[in-house]
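Summary of structural features
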Amino acid sequence: MSQPTFKVEFEGKAKVGQVMGNLQALSLKPEDFASPLALQMALSKLYNDLMKSLTEKPQPHYVADVRFNDSMGNPVNLAVDFGNNLPPMSKQDVKVKITVEFYDDE
């Protein structure tokens, strides 16, 4: 891989927490709100996934909700999955550094 042609760093904050591993599939997307029928189908899928997850053994899963502002001042939110092991951190609310590197297409 070649050297980056441009690099930008952002600083933000993250909240580290635990979710049950078998609940990860439960989510709604913007297109799920496109119409009443789309929402009904999405809620049905959520209900089925929730019922399925209740029959499985719960397993802890660690994630971080990362928030920062981009170069234009827009809020950006992303998730980081730590898996089954929590990295050694003393607090639930931590600072983060986000690095974006641009490369020439080869």
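Being a predicted model, the structure only gives us computed values, none of them experimental.

Comments concerning the confidence of the model for the chain
For the chain, the mean per-residue pLDDT works out to 88, and 94% of the residues sit at or above 70. Mean pLDDT per element in the chain: helix α1 (residues 36–55) is the minimum at 88, and strand β4 (residues 93–102) is the maximum at 95.

As for the environment of Ile98
Along the chain, the position of Ile98 falls in strand β4. Taking the C-alpha atoms as reference points, Ile98 and Glu9, 89 residues apart in sequence, are found 5.5 Å from one another. Apart from residues no more than four positions distant in its own chain, Ile98 is found in contact with Val8, Glu9, Phe10, Gly12, Val66 and Phe68.

A short note on the packing of aromatic side chains
The final tally for this structure, using the stated rule, is two aromatic pairs. Both rings, one in Phe10 and one in Phe68, keep their centres 5.3 Å apart while their planes meet at 35 degrees; by these two values the pair is tilted. Placement of the pair is Phe10 in strand β1 (residues 6–20) and Phe68 in strand β2 (residues 60–69), with a sequence separation of 58 residues. Comparing Phe10 with Phe68 shows no difference in burial state: the two are buried.

Quick notes on the rules
- Residues numbered from 1 in each chain as written.
- Predicted model: local features only at pLDDT ≥ 70, side-chain atom pairs only at ≥ 80, totals over all residues.
- Heavy atoms only, no water.
- pLDDT = per-residue confidence, 0-100.
- Helix = DSSP H or I, 4+ residues; strand = E, 2+ residues; numbered from the N terminus.
- Contact = heavy atoms within 4.5 Å.
- Phe/Tyr/Trp six-rings, centres within 6.5 Å; stacked < 30°, edge-to-face > 60°.
- Buried < 20%, exposed > 50% of the residue type's maximum accessible area, 1.4 Å probe, protein only.

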